[in-house]
Amino acid sequence: MNGRATQPPKKLCPQHYEEKAGVSAQSLCNRLTGSLGLQPEQKAFIKEDGINENLFLLGLILNRARTKFRDTHLAAIDLTKSFETSSHSSIIAALAARGIDRVFVNYVRDLYANSNTAFYVNGQSGHAFHPTCGVRQGDPLSPIIFNLVIDTLISKIKESPIGTSIDGIRVVVSAYADDLILFAETNMGLQTNLNLDQQILKSCNLQINSSKSFTLSIPADAKNRQTKVVPGNFAVNQSPLLSVGVEGSFKYRG
């Protein structure tokens with residue numbers, strides 16, 4: 001059975017922006033990207049080599065655990081279909097919280113509020129429905145809007161006193177789009193931040209994909225100048241997270 005939308009959500013094109021804002025889509029995106037002041041931990045959809053920066057940070061923290069004999073615990077978090085499930089209310093709230101011009105906020109609100117979709121099934125048009133979550137596929141603003149939603153999470157998680165430190169600089173989280181890493185120096189601290197992370201995500205209609213997330217625990221014995229990888233015991237919503245062991249490996253894309 002094949003289906004196709006009779007009224008797919010409208011994709012924003014330069015003409016739409018020129019009519020509403022008097023600028024091209026690319027120009028508007030550039031202006032927003034440069035003026036939003038996103039948390040520096042987010043490295044996706046920006047004009048920087050964010051992947052290498054996050055890889056360098058992760059390597060630095062792991063090397064410090066090994067050479068400075070510091071307890072280190074981390075959780076690499078994957079979100080479940082985050083681009084498709086971000087609530088529209090959280091999108092509008094994120095825009096408004098940034099102090100973006102009310103006319104533009106209302107414009108985005110109208111775009112999401114007035115989109116209806118229906119499907120043809122076996123040659124018959126189905127009932128039209130109104131999507132209430134997800135950023136618009138093909139919209140050049142969608143990556144920026146998604147960054148704003150995740151930025152809300154990053155801002156709140158950074159308020160936690162729990163994290164790790166490098167030369168006196170506290171590090172709580174790193175992010176590349178919806179791939180996050182939480183850092184802590186104790187088991188309890190990491191679980192506390194996982195719980196906080198899940199609470200914040202729930203308010204945005206997002207959730208952690210426990211089957212694609214993992215943890216790594218490296219306790220240190222400073223007296224004997226040793227470190228070792230040990231099994232972790234962490235969970236999200238009572239679902240245990242994979243613990244990377246001594247002979248285990250993991251992939252991290254940024």
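Throughout this document, residue positions are counted from 1 along each chain, in the order its sequence is written. It should be noted that, the model being predicted, local features are given only for residues of pLDDT at least 70 and side-chain atom pairs only at 80 or more, the latter also being counted only at that level, while totals for whole chains, interfaces and linings use all residues. The side-chain quantities take in all heavy atoms of the structure and omit both hydrogens and water.

1. Regarding the overall build of the chain
Stage number 1. By definition, any uninterrupted DSSP run of H or I lasting at least four residues is a helix, any uninterrupted run of E lasting at least two residues is a strand, and each is numbered from the N terminus. When you go through the chain residue by residue, the secondary structure sums to 8 helices and 14 strands.
Stage number 2. Buried means the residue's accessible area, taken with a 1.4 Å probe over protein chains only, is under 20% of the maximum for its type, while exposed means over 50%, and partly exposed covers the values in between. Looking at the chain residue by residue over its 254 residues, the buried ones come to 43%.
Stage number 3. Contacts are assigned to residue pairs with any non-hydrogen atoms lying within 4.5 Å of each other. For the chain, the share of sequence-separated contacts (at least 6 apart) that also reach a separation of at least 24 residues comes to 69%.
Stage number 4. Working definition of accessibility: Shrake-Rupley area with a 1.4 Å probe, residue cover restricted to the visible protein chains. Working note: accessible area of the chain is about 14100 Å², and carbon and sulfur atoms make up 51% of it.

2. Overview of the nonpolar core
Stage number 1. Residue types Ala, Val, Leu, Ile, Met, Phe, Trp, Tyr and Cys, when buried and joined through side-chain atoms within 4.5 Å, form a set referred to as a nonpolar core. With 44 residues, the main nonpolar core has Leu-95 and Leu-194 as its most contacted residues.
Stage number 2. It is helix α7 (residues 142-157) that contributes the most residues to this core, 9 residues altogether.
Stage number 3. Filtering out sequence-adjacent residues up to four positions away, Leu-95 remains in contact with Ile-100, Phe-104, Val-105, Val-108 and Leu-148.
Stage number 4. With 14 residues, the next largest nonpolar core counts Leu-57, Ala-76, Phe-183 and Val-244 among its residues.

3. Remarks on the pattern of salt bridges
Stage number 1. By definition, a salt bridge exists where a carboxyl oxygen of Asp or Glu is found within 4 Å of a side-chain nitrogen of Lys or Arg. Inspection of every chain in the model, using the stated rule, returns 4 salt bridges.
Stage number 2. Between Glu-53 and Lys-43 there is a salt bridge, with its nearest N and O atoms 2.8 Å apart. Of this pair, Glu-53 sits in helix α3 (residues 50-68) while Lys-43 sits in the loop between α2 (25-35) and α3, placing them 10 residues apart in sequence.
Stage number 3. A residue is classified by how much of its surface remains accessible, and Lys-43, at 13% relative accessible area, is buried.

4. Some words on the environment of Ala-44
Stage number 1. Note that Ala-44 resides in the loop between α2 and α3.
Stage number 2. Separated by 132 residues in sequence, Ala-44 and Tyr-176 have C-alpha atoms that sit 4.8 Å apart.

5. Some points on α3
Stage number 1. Residue count minus one, scaled by 1.5 Å, sets the expected span of a helix. For α3, with 19 residues, the first-to-last C-alpha span of 26 Å sits near the 27 Å given by 1.5 Å per residue.
Stage number 2. If you check which residues of α3 are buried, you get Gly-50, Asn-54, Leu-57, Leu-58, Ile-61, Arg-64 and Ala-65. Along the axis of α3, the buried positions cluster into a sector of 125 degrees, meaning they face one direction only. Exposed residues on α3 whose side chains face more than 90 degrees from its buried face are Phe-56 and Arg-66. As used here, the arc is the angular range of directions from the helix axis to the C-beta atoms.

6. Details of the pairing of strand β9 (residues 214-218)
Stage number 1. Across the 5 residues that make up β9, a large majority, 5, are buried.
Stage number 2. Side chains Phe-214, Leu-216 and Ile-218 project from β9 onto one buried face, and the interleaved Thr-215 and Ser-217 project onto a second face that is buried too.
Stage number 3. By the bridge criterion, 5 bridges tie strand β2 (residues 72-78) to β9 in an arrangement that is antiparallel. Each residue of the ladder has a partner; that of Leu-74, found in β9, is Leu-216.
Stage number 4. The pairing of β9 with strand β14 (residues 242-243) spans 2 bridges and is parallel. Residue pairing for β14: Thr-215 is matched across the bridge by Ser-243. One requirement defines pairing of two strands: DSSP has to find at least two bridges between them.

7. With respect to the packing of α7 against helix α8 (residues 187-203)
A packed helix pair is summarised by two numbers, namely the angle formed by the two axes and the spacing between the axes.
Stage number 1. Axis definition: a line fitted to C-alpha atoms, over the contacting stretch in the case of helices. Angles run 0 to 180 degrees between N-to-C directions. At their nearest, the axes of α7 and α8 sit 10 Å apart, and the two run at 145 degrees to each other. Seen along the crossing, α7 lies across α8 with a hand that is right-handed. When α7 is examined against α8, the residues Leu-153, Lys-156 and Ile-157 are found in contact with a partner set consisting of Asn-193, Leu-196, Asp-197, Ile-200 and Leu-201. By convention, the crossing between two helices is left-handed when the near helix turns anticlockwise from the far helix through less than a right angle, and right-handed when the turn is clockwise.

8. What about the confidence of the model for the chain?
Stage number 1. Per-residue pLDDT for the chain has a mean of 82; in total, 85% of the residues score no lower than 70.
Stage number 2. Segment residues 1-18 is flagged for pLDDT under 50; beyond a separation of four residues in sequence, or across chains, it makes 48 contacts in the model. A score from 0 to 100, pLDDT tells how confident the predictor is in each residue.

9. With respect to the packing of helix α5 (residues 88-97) against α7
Stage number 1. Running from N to C, α5 and α7 point in directions that differ by 85 degrees, and their axes come no closer than 9 Å. With respect to their mutual orientation, α5 and α7 come out roughly perpendicular. Between α5 and α7, the contacting residues are Ser-90, Ile-91, Ala-94 and Leu-95 on the first element and Ile-145, Leu-148, Val-149 and Thr-152 on the second. Angle categories: roughly parallel below 35 degrees, roughly antiparallel above 145, roughly perpendicular from 65 to 115, and oblique for all the rest.

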